[in-house]
Amino acid sequence: SSAGDDDSGLQRPLTGRPPDSTMESKHTQGAPLAAGSKKAAAPAKAKAIPSGSEAKLSKQLASVGIEDDEERAASAEWEALKRKTRQGEIRTSANPVAKSILDGFTLNFMRMRDAETGRLMWKSENWGQDMFEREKIARVPASILKCRAVARDINFTSEEVMENFRLEQRVYFQGVCMEEWFFKFGFVIPGSTNNWEQVIYAADESSMLPAALLSGQLTIETSFFDGDLFVSKSLVRVFYDGPEPE
């Protein structure tokens, strides 16, 4: 068996967020080039452009415009996603390679522990392949919200080789996408069982919503990829009313 070295944190539902240094966000930072800024403004005085330089200058200005357009498009897409009311979806790929990967994939278990004490806070049921067919329910104890950090183990078996196993997750609260995160496992040996562990640090207590408000209103959509090949989407609804495991 083998274990992947993840390069980004994986969230616990919804008790906080990964450290900024390990979280990727679709929401690009920084404002697009403002109209009338110095980069886009015409020179104050007309100057002769040296021969052969006019085309080069036009390319440079066009490049700046393309980058600004891409930044504006990314920001607009993220803002539209946050405004769009939905709760995620369950879907599988029709690609035969993706189907083979999915047929050979098993989520053996998932566990969450208090990272400071090692105390088990939650463990998954045996969800099986129907996790890719219908919405699943996770009943997590409200006491997990008090943990400063949570260690999460995902144990899975894959019959097929994967060159770049990765996940994209969207967190929806009351139907609105609040966050979008990306996680990478990497190469998976065919016929192997793997354990993927992450430590997630909680958000500041003042910025966390209470368990009573989150419970049942939070859904997590997980998209499963091998590189650029889409494999499947699963959906979990989180309730903060579960008992702590004995």
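Just so you know, these numbers come straight off a predicted model, no measurement behind them. (Residues numbered from 1 in each chain as written. Predicted model: local features only at pLDDT ≥ 70, side-chain atom pairs only at ≥ 80, totals over all residues. Heavy atoms only, no water.)

Peer 1: I'd like a description of the nonpolar core, backed by residues and values.
Peer 2: One finds Phe105, Val140, Ile144, Phe165, Phe224 and Tyr240 to be the most contacted residues of the largest nonpolar core, which totals 39 residues. With 5 residues, strand 6 (residues 162–173) is the single largest residue contributor to this core. Every residue in contact with Phe105, bar those within four places of it in the chain, is listed here: Gln129, Phe132, Phe156, Thr157, Met162, Phe165 and Phe224. (Core = buried A, V, L, I, M, F, W, Y, C linked by side-chain atoms within 4.5 Å. Buried < 20%, exposed > 50% of the residue type's maximum accessible area, 1.4 Å probe, protein only. Helix = DSSP H or I, 4+ residues; strand = E, 2+ residues; numbered from the N terminus. Contact = heavy atoms within 4.5 Å.)

Peer 1: Before we move on, could you go through the packing of aromatic side chains and cite the residues and values that matter?
Peer 2: The final tally for this structure, using the stated rule, is 12 aromatic pairs. An angle of 50° between the planes, with centres 4.9 Å apart, marks the rings of Phe105 and Phe224 as tilted. Of this pair, Phe105 sits in strand 2 (residues 105–114) while Phe224 sits in strand 9 (residues 218–226); the two residues are 119 residues apart in sequence, bridging distant segments of the chain. No difference in accessibility class separates Phe105 from Phe224, as the two residues are buried. (Phe/Tyr/Trp six-rings, centres within 6.5 Å; stacked < 30°, edge-to-face > 60°.)

Peer 1: Mind laying out the sheet that holds strand 2, listing which residues take part and the relevant values?
Peer 2: Strand order in the open sheet formed by 4 strands is 3-2-5-8, and the pairing between neighbours is antiparallel. Single-partner strands in this sheet number two, and they are strand 3 (120–123) and strand 8 (192–201). Neighbouring strand axes in the sheet, compared pairwise and without regard to direction, differ in orientation by 20° on average. Across 3 bridges, strand 2 lies against strand 3 in antiparallel orientation. The residue of strand 3 that forms the bridge with Met112 is Trp122. (Pairing = 2+ DSSP bridges. Axes fitted to C-alpha atoms, helices over the stretch in contact; angles between N-to-C directions.)

Peer 1: Any details on the side chain of Asn194? Residues and values, ideally.
Peer 2: Assignment of secondary structure puts Asn194 in strand 8. On the basis of relative accessibility, which here comes to 0%, the residue Asn194 falls in the buried class. Polar side-chain contacts of Asn194 include one of 3.0 Å to the side chain of Ser192. (Polar contact = N/O pair within 3.5 Å; in protein donor to acceptor, adjacent residues only side chain to side chain.)

Peer 1: Talk me through unusual backbone geometry; I want residue IDs and the actual numbers.
Peer 2: Backbone geometry places Gln174, a non-glycine residue, at a positive phi of 55°. Within the element layout of this structure, Gln174 appears in the loop between strand 6 and strand 7 (176–188). Relative accessible area serves as the criterion here: at 43%, Gln174 is assigned to the partly exposed category.

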